[in-house]
Amino acid sequence: GPVTGTAGVANGRDMLSHTLIAHDPITAYNSNPRLISSPNTVVAGGVGGGKSSFVKTVYVIRPLLIRRRRAVIFDKKNRGGEGEYAELVREWGTGEPIRFTTDGSGSRLNLLDPLIVNQIGSAGTYRLLHAILRIARDGERIDEWEEKAARSALTRALVQFEDARRVPTMSDLLPLLGDVDAEELNGSEQARDRLHQAGLGVRFTLEGLLEEYGGLLDGDTSKEVALTGKLTSFDISQLPGEGPSSHVVRAIGNQWMLGRLRADPGWQTTCINEEGWDMVQGPTAHLLKSNQKLSRGLGLSNVFVFHKGAD
């Protein structure tokens, strides 16, 4: 008989016995008793080894036939000016891939989108801001004074716009960074000056990010950013390989997705991370790790695709 049983999704045939190999992380995780302790998956192999074909077939197309199953792809691989999943999205989704570019012609993601803030709270939103600051600084850690300045500015921004008619954006954080509340810090003049300097440092980092990627990160989240249909693609294939843009989009997009999943329960979602090395090390990895229990409770299975064993 099949060495893996028949539950889940057909993966292929055993090379020796020619029997069916069936497996699906979500099915195995939800079985009773559980067959695996985590629905998260790594797909690794050299160039031309069949990773893309395997992921598209086994983790995207075949599971879409199952009721209340969907897939979300962070599509990194460029093919003819768009991501390699674009054709599948047009067939299985309800529209076009969500395109991100650096020239302002693509979609935007707002760090302070209510779907993020309301679902993960101010503490979760700060962890996201902290990750973005580290990404913008090429992984460099921020010290406790910068953490205090950033957390204080974020808290005041959320309170300031609580009853406002518009949603706060990253630009609204800037004037609050370096603005020290004397009542909040009952310390010496030297301490207040140090906190002021730390806030300015954070402000300069965010200003540099917005100057370079304003059309990508500044403003309300674009209306086309939505989980519609059974297949959604965050097309980051046109973002430069070097620099923080694609990493920032992955970080914010992942948190936006978690908020959306919580607001729309009952679905089992597979999230494909092409060239996913930046999701398992550095600032974004810490963010994902802190949300692992949350993601499992929301029926999320992450698939990370690596092209080299060294990754």
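In case you missed it, the structure is sitting above this.
Reading guide: rules and limits
- Residues numbered from 1 in each chain as written.
- Predicted model: local features only at pLDDT ≥ 70, side-chain atom pairs only at ≥ 80, totals over all residues.
- Heavy atoms only, no water.
- Axes fitted to C-alpha atoms, helices over the stretch in contact; angles between N-to-C directions.
- Helix = DSSP H or I, 4+ residues; strand = E, 2+ residues; numbered from the N terminus.
- Parallel < 35°, antiparallel > 145°, perpendicular 65-115°, else oblique.
- Contact = heavy atoms within 4.5 Å.
- Core = buried A, V, L, I, M, F, W, Y, C linked by side-chain atoms within 4.5 Å.
- Buried < 20%, exposed > 50% of the residue type's maximum accessible area, 1.4 Å probe, protein only.
- 1 Å grid on protein atoms, 1.4 Å probe; cavity = no way out; pocket = protein on both sides within 12 Å on 5 of 7 lines; lining within 4 Å.
- Points joined across faces, edges and corners; volume = space filled by probe spheres on them.
- Nonpolar A, V, L, I, M, F, W, Y, C, P; charged D, E, K, R; others polar.
- Expected span 1.5 Å × (residues − 1).
- Bend = angle between axes of the 7 residues up to and from the residue.
- Pairing = 2+ DSSP bridges.

A. Region of the structure containing the packing of helix 4 (residues 114-136) against helix 8 (residues 245-263). Orientation of helix 4 relative to helix 8, taken along the N-to-C sense of each, is 170 degrees, at an axis distance of 10 Å. Taken as axis vectors, helix 4 and helix 8 run roughly antiparallel relative to one another. Between helix 4, through Leu 115, Ile 116, Gln 119, Ile 120, Leu 128, Ile 132 and Ile 135, and helix 8, the contact on the second element is made entirely by His 247, Val 248, Ala 251, Ile 252, Gln 255, Trp 256, Gly 259, Arg 260, Arg 262 and Ala 263.

B. Just the nonpolar core, in detail. Counting 53 residues, the largest nonpolar core has Phe 100, Leu 111, Leu 217 and Ile 252 as the members making the most contacts within it. The element contributing the most residues to this core is helix 4, with 11 residues. Leu 64, Ile 73, Leu 88 and Val 305 belong to the second largest nonpolar core, which has 14 residues in total.

C. Representation of the layout of surface pockets in the model. Put simply, the largest pocket is a space of about 300 Å³. Put simply, the parts of the chain that give the lining of the largest pocket at least two residues each are helix 4 and helix 9 (283-290). Looking at side-chain class alone, the lining of the largest pocket contains 5 nonpolar, 7 polar and 3 charged residues. One number sums up the size of the second largest pocket: a volume of about 260 Å³. Forming the boundary of the second largest pocket are Leu 112, Pro 114, Val 117, Asn 118, Ser 122, Thr 155, Leu 158, Val 159, Phe 161, Glu 162, Val 167 and Pro 168. Looking at the lining of the second largest pocket residue by residue, the class counts come to 8 nonpolar, 3 polar and 1 charged.

D. Summary view of empty space enclosed by the protein. Overall, the coordinates contain 2 cavities of 30 Å³ or more when judged by the stated rule. One number sums up the size of the largest cavity: a volume of about 80 Å³. Residue lining of the largest cavity: 15 residues in total, with Ala 149, Arg 156, Asp 179, Val 180 and Leu 195 positioned closest to the centre. At the level of secondary structure, the elements contributing two or more residues to the lining of the largest cavity comprise helix 5 (144-160) and helix 7 (189-217).

E. Spatial organisation of unusual backbone geometry. Backbone torsion omega between Asn 32 and Pro 33 reads 5 degrees, so that peptide bond is classified as cis. Take Pro 33: it is sitting in the loop between helix 1 (25-30) and strand 3 (41-44). Backbone geometry places Arg 68, a non-glycine residue, at a positive phi of 60 degrees. Turning to its location among the elements, Arg 68 is positioned in the loop between helix 2 (51-61) and strand 4 (69-75). Since its relative accessible area comes to 32%, Arg 68 is described here as partly exposed.

F. How the structure looks around helix 4. Taking 1.5 Å of rise per residue, the 23 residues of helix 4 would be expected to cover 33 Å, yet its terminal C-alpha atoms sit only 23 Å apart, more than 12% below that figure. Residue Gly 121 marks the point of greatest curvature in helix 4, where the axis turns by about 115 degrees. Two residues or fewer after helix 4 comes Asp 138, characterised by a positive phi angle close to 60 degrees.

G. Looking closely at the sheet that holds strand 3. Taken together, the 6 strands give an open sheet; going across it, the order is 3-10-9-4-8-7, and neighbouring strands pair in parallel fashion. The open sheet has two free edges, formed respectively by strand 3 and strand 7 (98-99), since each of these has just one partner strand. Alignment of strand 7 against strand 8 (residues 231-235), held across 2 bridges, turns out to be parallel. Counted as the bridge partner of Ile 98 is Phe 234 from strand 8. Packed onto the sheet, helix 8 meets strand 4, strand 8, strand 9 (268-273) and strand 10 (300-306) and runs at close to 165 degrees relative to strand 4.

H. Geometry of the pairing of strand 10. With 7 of 7 residues buried, strand 10 lies mostly within the body of the structure. Residue alternation in strand 10 divides its side chains into two sets, Leu 300, Asn 302, Phe 304 and Phe 306 and Ser 301, Val 303 and Val 305, and both sets are buried. In this structure, strand 3 lies alongside strand 10, joined through 4 bridges in parallel fashion. Residue pairing across strands places Val 42 opposite Phe 304, the latter belonging to strand 10. In terms of strand pairing, strand 9 meets strand 10 through 5 bridges, oriented parallel. For Cys 271, the partnering residue across the bridge sits in strand 10 and is Asn 302.

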